[in-house]
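# Notes for the structure review
Below, each chain spelled out in residue letters.
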Amino acid sequence: MKYILLILFCFGFIFTAKAQHPPIFEGLQIDSTNLFLQDLPINLVKYSYREPNINFLSIHDNEDTGVKAAFEFIRYSGGSIIDCQYGSARNFQFLYNEEEFQTDPNSIYSKSGIIKGLEKYGRADVEVVKQLEELSNTILKKYSENNPAYFFTLHNNADGGFGISSYLKGYELEGYADSLHINFQMDNDDLILVTDLALFNHLKIENVNVVLQSISAPDDGSLSVYSMKKNIPYINVEVQHGHFDENLRLIEISTKALLQIYPELTQASLR
Ligand SMILES: [Zn+2]
């Protein structure tokens, strides 16, 4: 199979039965784009409810708390989420010419990032690189029809390890942040990452853990670096697995910030 197969299904009910992320509530619309990355089925599932409002994106399939919090948000406020479903794992793992490949789905938004991402787990094959480029374009198109006003992503992390303190001087992500604001009352694992100074300043006033990504952050193929290069406001609300209430609170604070600072960017997605 040389190319990613793109088959668009309009039969949302098929997926209601096996939807990975409850709660599914009455009136929630489901629109799935079904792809294959070689032998790996990937479903890009868009859940929408009532007015458009904010559109969220979840790109790691083993990170469910953010998806559940987004469901709760759109249940009361309207909106949508695109959830990438490929077997509840973090990484894409697939066979090409009987060879196993693996990469992080958040490393496919630049060619150099795709190569580095594949080499982390094995080697980078030219054809596989091309397929991942096509896949990232399909995800971006599904999110915004090639005209993104912003990106609002949802991630979850484990207790300990990565957290807001990872960006402090002397820690592993020191070079990735221009500015940091830490609320020491909050869990270190619960944070918001933005690529935009106005959003950062607004969220700092809200006294939440917030990181302003550095313009010189290394290109790891992540969507945040892609957004910065393209000058598209980007928000990642990232909390520890299971911190549902905090996840919802940070989504609400970030949404308010985005709507206040960029009403012109979001009005297209509003009534
Ligand atoms: Zn993630």
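Below, the structure is looked at part by part. Along each chain, the written sequence defines residue order, and numbers are assigned to residues from 1. Residue-level local features of this predicted model are given only where pLDDT is at least 70; pairs of side-chain atoms are given and counted only at 80 or more, and the full residue set underlies all totals for whole chains, interfaces and linings.

## So, the overall build of the protein chain
Segments assigned H or I by DSSP are reported as helices when at least four residues long, segments assigned E as strands when at least two residues long, and all are numbered from the N terminus. Scanning the protein chain from N- to C-terminus turns up eight helices and twelve strands. The proportion of buried residues among the 271 residues of the protein chain is 42%. Restricting the contact set of the protein chain to residue pairs at least 6 apart, pairs at least 24 apart contribute 68%. Residue burial here comes from a neighbour count, namely the number of other C-beta atoms, placed from the backbone, that lie within 10 Å of the residue's own C-beta, with 20 or more meaning buried, 12 or fewer meaning exposed, and in between meaning partly exposed. The contact rule is simple: place each C-beta atom from the backbone, and if two of them lie within 7 Å, those residues are in contact.

## Looking at the nonpolar core
Counting 65 residues, the largest nonpolar core has Ala70, Ile192, Val194, Leu203, Val210, Val211 and Ile235 as the members making the most contacts within it. Here the element with the most residues in this core is helix 2 (residues 65-77); it accounts for six residues. Beyond its immediate stretch of four places on either side in the chain, Ala70 contacts Phe56, Ile81, Leu154 and Ile251. A set of buried Ala, Val, Leu, Ile, Met, Phe, Trp, Tyr and Cys residues, joined through C-beta atoms within 7 Å, is what we mean by a nonpolar core.

## Focus on the environment of Tyr76
Within the element layout of this structure, Tyr76 appears in helix 2. By C-beta crowding, Tyr76 is classed as exposed, having 11 other C-beta atoms within 10 Å. For the pair formed by Tyr76 and Arg50, sequence separation is 26 residues and the distance between their alpha carbons is 9.3 Å.

## Quick look at helix 6 (residues 223-230)
In terms of burial, helix 6 is a largely internal element, six of the eight residues being buried. Every buried residue of helix 6 is accounted for by Leu223, Ser224, Val225, Tyr226, Ser227 and Met228. Two residues or fewer after helix 6 comes Asn231, characterised by a positive phi angle close to 60°.

## With respect to unusual backbone geometry
One can expect most non-glycine residues to show negative phi and most peptide bonds to be in trans. Residues other than glycine seldom take positive phi values, yet Glu98 does so here, at roughly 65°. Mapped onto the secondary structure, Glu98 falls in the loop between strand 6 (92-96) and strand 7 (99-103). Classification of Glu98 as exposed rests on a count of 5 C-beta atoms within 10 Å. Positive phi, close to 60°, is recorded for Asn207, a residue that is not glycine. By the element assignment, Asn207 lies in the loop between helix 5 (197-205) and strand 11 (210-213). Residue classification places Asn207 among the partly exposed positions, given that 13 C-beta atoms sit within 10 Å.

## Looking at the environment of Leu250
Turning to its location among the elements, Leu250 is positioned in helix 7 (residues 244-261). When the 27 C-beta atoms within 10 Å are taken as the criterion, Leu250 is described as buried. Sequence-wise, Leu250 and Glu206 are 44 residues apart; in three dimensions their C-alpha atoms are separated by 10.0 Å. If we skip the residues at most four places from it in the chain, Leu250 touches Asp190, Ile192, Val208, Val237 and Val239.

## Concerning the pairing of strand 4 (residues 55-58)
Alternating residues of strand 4 divide into Asn55 and Leu57 and Phe56 and Ser58, and every residue in both groups is buried. Pairing between two strands requires that DSSP report at least two bridges joining them. Both strand 4 and strand 5 (residues 79-85) contribute to a ladder of four bridges, which runs parallel. Bridge assignment links Leu57 to a residue of strand 5, and that residue is Ile82. By the criterion used throughout, a crossover qualifies as right-handed when its path from the first strand across the helix to the second strand runs clockwise, the strands pointing away from the viewer. Following the chain from strand 4 across helix 2 to the adjacent parallel strand 5, one finds a crossover that is right-handed.

## A short note on the pairing of strand 10 (residues 191-194)
Every regular strand shows the same layout, with side chains that alternate between the two sheet faces. Side chains of strand 10 alternate between two faces, with Leu191 and Leu193 and Ile192 and Val194 buried alike. Two elements, strand 10 and strand 12 (residues 234-240), share four bridges in a ladder whose sense is antiparallel. Following the sheet pairing, Leu193 is matched in strand 12 by Asn236. The pairing of strand 10 with strand 11 spans three bridges and is parallel. Opposite Ile192, over in strand 11, you have Val210 as the bridge partner.

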